[in-house]
Amino acid sequence: MGSYCFLVLALCVAQTLCVTIESVPGVDGNGVILTELETTVSLVCRSNRSEGEGAELVWLRNGARVALREGNRKGQSAVCVMPVIHQDNGATFTCRLSSNATVEASATLNVTYPPMLSGSDDVWVEDDSPLVLHCDTFANPPVSSVRWTLNDSALDLLAGGFSVTDDGFASRLSADKAERSKHEGLYRCIADSPVYGIKSRDFLVTVTEKTLKFPLMPIIAGGVVVCLTVLLAIVSRWKKIIKCCK
Ligand SMILES: *[C@@H]1O[C@H](CO)[C@@H](O)[C@H](O)[C@H]1NC(C)=O
Ligand SMILES: *[C@@H]1O[C@H](CO)[C@@H](O)[C@H](O)[C@H]1NC(C)=O
Ligand SMILES: *[C@@H]1O[C@H](CO)[C@@H](O)[C@H](O)[C@H]1NC(C)=O
């Protein structure tokens, strides 16, 4: 687990009614809890009013009530996010008094994760067919750059007839017609994350000979005709057999 840093969000002046949130990992000055996927975030809310009157607490996640057990509501209340998932990024946890909704404190999760890039893919593409490679670059914070190499040198877009598109989630490299001399080789997609550094994924592309495509429909139609004929033959045969038995 990360550092055990506790930081009190709102400063309570002795007499006024207030709630505070403490968390592991800690909350920064902007009310943001920096965390990573698959980890645990624990939040504790406290009211400065002692046991008894009106110190019942309520937790909300993005405005929706979090179900709390009995005994986890009075004076102090703890919630846990375990494990932290992608959807928790940007989620705001608010603790408030159930008797007075204006008395509240909030913290927002910033869930960082690297682009899921590693390993190697074998890709076969037929001669003359489109070559398309996908590189998943989705990350928080967003990657600062994505580039492609072929056989360890920068990709020559013009010479290879390549186009590269990037929508912030993935980078897509494509060429309309694969040619062995131009397109076979080791492709690498390299993404640079400001937090996680360089991540890359390899694609070993092999351009194969064109195969003859079988005309599928006529075969299926032919198969149906054969089946029907056989069935009809059996049916008419059956009548004869039944007749014989009488
Ligand atoms: C709710 O709390 C605020 C801040 O302490 C206070 O000004 C307000 O009067 C309270 N409202 C009620 C209905 O108690
Ligand atoms: C989340 O944390 C990362 C890493 O510190 C930072 O780059 C990014 O700006 C933060 N995002 C938000 C929304 O605070
Ligand atoms: C990349 O390297 C492989 C193996 O050395 C070679 O067969 C292929 O032709 C090269 N690709 C290009 C486009 O130069």
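Relevant structure appears above.
Remember, it's a predicted structure, so these values are computed and weren't measured experimentally.

Participant: Looking at this structure, how should I read the overall build of the chain?
Facilitator: Across its full length, the chain carries three helices and 16 strands. Within the chain, contacts between residues at least 6 apart in sequence are counted, and of these 60% link residues at least 24 apart. Of the roughly 15,300 Å² that the chain leaves accessible, carbon and sulfur atoms contribute 59%.

Participant: Honestly, the pairing of strand β4 (residues 57-61) in this entry has me stumped. Any pointers?
Facilitator: On a regular strand, one side chain projects to one face of the sheet and the next to the other, so that they alternate. Among the five residues that make up β4, four are buried, leaving the element largely enclosed by the rest of the structure. Note: β4 against strand β5 (residues 64-65), two bridges, orientation antiparallel. Bridged to R61 within β5 is A64. In this antiparallel pair of consecutive strands, β4 and β5, the connection spans two residues, and N62 shows a positive phi of 50°.

Participant: Could you clarify how one ought to interpret the site of ligand 1 in this entry?
Facilitator: Taken together, the residues surrounding ligand 1 are N100, T102 and V103. Here an oxygen atom of ligand 1 and a side-chain polar atom of N100 are 2.3 Å apart. Here an oxygen atom of ligand 1 sits 3.3 Å away from a polar atom, N or O, in the side chain of T102. Relative to its free-state accessible area of 360 Å², ligand 1 is covered by the protein chains to the extent of 29%.

Participant: So what exactly am I meant to see when it comes to the sheet that holds strand β7 (residues 92-97) here?
Facilitator: What links the strands of a sheet is backbone hydrogen bonding, and the strands pair in either a parallel or an antiparallel sense. Strand order in this open sheet of five strands is β2-β8-β7-β4-β5, and the pairing throughout is mixed. Every other strand in the sheet has two partners, leaving β2 (32-36) and β5 as the edge strands with one partner each.

Participant: How do you make sense of unusual backbone geometry when you look at a structure like this?
Facilitator: Most peptide bonds take the trans configuration, and most residues that are not glycine carry a negative phi. The linkage connecting V24 with the following residue, P25, adopts the cis geometry, with an omega of -5°. Relative to the elements of secondary structure, P25 occurs in the loop between β1 (19-24) and β2. Of note, the bond from M82 into P83 is cis; its omega dihedral lies within 30 degrees of zero at -5°. Mapped onto the elements, P83 comes out in the loop between β6 (76-81) and β7. Although it is not a glycine, N151 adopts a positive phi angle of roughly 50°. Within the element layout of this structure, N151 appears in the loop between β11 (145-150) and β12 (153-154). In this model, D152 sits at a positive phi of 70°, which is unusual for a non-glycine residue. Owing to a relative accessible area of 59%, D152 belongs among the exposed residues under this scheme.

Participant: Where do I start with the pattern of salt bridges in this structure?
Facilitator: Once their charged atoms are close, side chains differing in charge can pair, the charge on each being opposite to the other. Within this structure, the stated rule accounts for 10 salt bridges. With its nearest N and O atoms 2.7 Å apart, the salt bridge here joins E22 to R46. Separated by 24 residues along the polypeptide, E22 in strand β1 and R46 in strand β3 (residues 41-47) bring together distant segments of the chain. K210 is the salt-bridge partner of D128, the closest N and O atoms lying 3.2 Å from each other. Pair noted here: D128 is in the loop between β9 (120-126) and β10 (131-136) and K210 is in the loop between β16 (197-208) and α3 (216-245), with a separation of 82 residues, a long-range link. Look at D128 and you get partly exposed, because its relative accessible area is 36%. A cluster of three or more residues bridged by salt bridges with shared partners is formed by D152, R188 and D202.

Participant: Please explain the state of the cysteines as it appears in this structure.
Facilitator: Here, disulfide denotes a covalent bond that connects the sulfur atoms of two cysteines. Tallied over the entire structure, the rule returns two disulfides. Each sulfur of the disulfide joining C135 and C189 lies 1.8 Å from the other. With the S-S bond torsion at -75°, the cross-link from C135 to C189 turns out left-handed. Remark: C189 occurs in strand β15 (residues 185-193) and C135 occurs in strand β10; sequence separation between them is 54 residues.

Participant: Would you mind going over the side chain of S174 with me for this structure?
Facilitator: Tracing the sequence through the fold places S174 in strand β14 (residues 170-175). Relative accessible area serves as the criterion here: at 11%, S174 is assigned to the buried category. Setting aside chain neighbours within four positions, we find S174 in contact with L131, V132, G161, F162 and S163.

Conventions used here
- Residues numbered from 1 in each chain as written.
- Chains lettered and ligands numbered in written order.
- Predicted model: local features only at pLDDT ≥ 70, side-chain atom pairs only at ≥ 80, totals over all residues.
- Heavy atoms only, no water.
- Helix = DSSP H or I, 4+ residues; strand = E, 2+ residues; numbered from the N terminus.
- Contact = heavy atoms within 4.5 Å.
- Areas by Shrake-Rupley, 256 points an atom, 1.4 Å probe, with all protein chains shown as cover.
- Buried < 20%, exposed > 50% of the residue type's maximum accessible area, 1.4 Å probe, protein only.
- Pairing = 2+ DSSP bridges.
- Near = heavy atom within 4 Å.
- Polar contact = N/O pair within 3.5 Å; in protein donor to acceptor, adjacent residues only side chain to side chain.
- Salt bridge = Lys/Arg side-chain N within 4 Å of Asp/Glu carboxyl O.
- Disulfide = S-S within 2.5 Å.

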